[in-house]
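# Notes for the structure review
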Amino acid sequence: MKNAKYVVLPLLIALIVSLSVLDVLAAGTGLVMEELPQEKQEHSMKVTDLSLLLTEPQRTSIACFDVREDHTLAVGYSVVFPDLCHAVICVYSPDGGFQYGYEFFTSGAYKVEWAEDNLLIYFVRSNHAYEVTPKGEIVSVTTIASTEENREYWRKSVESRKRTVGDTIYRLKNDMGPVLNFLASSYSQVVRIDSDGEPVYLIDNSSQQLVKYIISITLILLFITIALTILIKEILKERKRYLSKQQKNECSNS
């Protein structure tokens, strides 16, 4: 019994330390994180190649967003052709003025969430989370724990197109007509709705988004038309060969 304390005490200390580390990693979000080995963190940062932007780049379709308690806005823009691995996040003041941003490489979808002054960037494919300072410094790279609580928080908060700060509501929207709105996989507007119910459009890329979808739909229809034309021609050729073969067989039999 005397020796039991020498076994139990270290276990208790290790448990307390691990729980405190887990709380630190989860700070600023409802997601629970797991620590990554240092070498994996360094490899992930090298591959992502994140850098700071001091001037606003060209806006594209909106993939995600989040709003801080002081109404500072973070907007994640979709990757665009031809650089399909290149993505941009911009930070805007409450009135929509550009503050700073980040550009980075990603092989898939991502989401954003504020952690006080820092920004959390969630990479969906790798399940990694970057905490980045306003100066573009990566504080940590962690893994989002695979738990039901995390999945629930992700669905209800991280993926939501609505944010509420006090009496103010922020929404992601589209304004391209019912058909294109239904087909759209991204958004063109960030709208703020104050307590008086009046909408304020902080970000509005509707015209660029509309042009993008028209071009995309035109290219898709053109591709389908060309494919159907080639297919029909091949069918007609095959039918002609078949009829010609049938005629030859009939002549030889006669």
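That block above? That's the structure.
This section reports on the structure supplied with the text. (Residues numbered from 1 in each chain as written. Predicted model: local features only at pLDDT ≥ 70, side-chain atom pairs only at ≥ 80, totals over all residues. Heavy atoms only, no water.)

## Some points on the layout of surface pockets
A volume near 320 Å³ is recorded for the second largest pocket. Lining the second largest pocket are 16 residues, and of these Asp 66, Val 67, Glu 69, Arg 163 and Thr 164 sit closest to its centre. Of all the secondary structure elements, the ones that give two or more residues to the lining of the second largest pocket are strand E3 (62–67), strand E7 (110–115), helix H3 (148–158) and strand E11 (162–165). With 4 residues, the top contributor of residues to the lining of the second largest pocket is E11. Broken down by class, the residue content of the lining of the second largest pocket amounts to 5 nonpolar, 3 polar and 8 charged. (1 Å grid on protein atoms, 1.4 Å probe; cavity = no way out; pocket = protein on both sides within 12 Å on 5 of 7 lines; lining within 4 Å. Points joined across faces, edges and corners; volume = space filled by probe spheres on them. Helix = DSSP H or I, 4+ residues; strand = E, 2+ residues; numbered from the N terminus. Nonpolar A, V, L, I, M, F, W, Y, C, P; charged D, E, K, R; others polar.)

## Focus: H3
Those residues of H3 not exposed but buried are Asn 150, Trp 154 and Val 158. Taken down its axis, H3 places every buried residue within 40° of arc, on the same side. Residues of H3 that are exposed and angled more than 90 degrees away from the buried face: Glu 149 and Lys 156. Its buried side turned inward, H3 meets E7, strand E8 (118–123), strand E10 (138–144) and E11. (Buried < 20%, exposed > 50% of the residue type's maximum accessible area, 1.4 Å probe, protein only. Arc of directions from axis to C-beta. Contact = heavy atoms within 4.5 Å.)

## A closer look at the sheet that holds E11
Either a parallel or an antiparallel arrangement is found when strands of a sheet pair, and the pairing is made through backbone hydrogen bonds. Here 4 strands make up an open sheet; going across it, the order is E11-E12-E13-E14 and the pairing antiparallel. In the strand order of this sheet, the two ends are held by E11 and strand E14 (199–204), each with one partner. Direction aside, the axes of adjacent strands within the sheet are offset by 20° on average. Looking at chain direction, strand E12 (residues 168–173) and strand E13 (residues 189–193) are connected through 5 bridges and run antiparallel. When the sheet's bridge partners are listed, Ile 169 is paired in E13 with Ile 193. (Pairing = 2+ DSSP bridges. Axes fitted to C-alpha atoms, helices over the stretch in contact; angles between N-to-C directions.)

## Some points on the side chain of Ser 44
Following the sequence through the fold, Ser 44 ends up in helix H2 (residues 38–48). Excluding its chain neighbours within four sequence positions, the residues that come into contact with Ser 44 are His 128, Tyr 130 and Val 141.

## Re the environment of Glu 113
You can see Glu 113 is positioned in strand E7. Leave out the neighbours within four places in its chain, and Glu 113 touches Thr 29, Asp 66, Leu 119, Leu 120, Tyr 122, Tyr 153, Ser 157 and Val 158. A distance of 2.7 Å separates polar atoms of two side chains, one belonging to Glu 113 and the other to Thr 29. Separated by 2.3 Å, the side chains of Glu 113 and Tyr 153 make a polar contact. (Polar contact = N/O pair within 3.5 Å; in protein donor to acceptor, adjacent residues only side chain to side chain.)

## A closer look at H2
Of all the residues in H2, the buried ones are Gln 41, Ser 44 and Thr 48. On an axial view of H2, the arc spanned by its buried residues comes to 65°, and they lie on one face. Along H2, exposed side chains directed more than 90 degrees from the buried face belong to Glu 39, His 43, Lys 46 and Val 47. Considering only its buried residues, H2 is in contact with strand E6 (98–105), E8, strand E9 (128–132) and E10. Phi turns positive, to about 55°, at Asp 49, one or two residues after H2.

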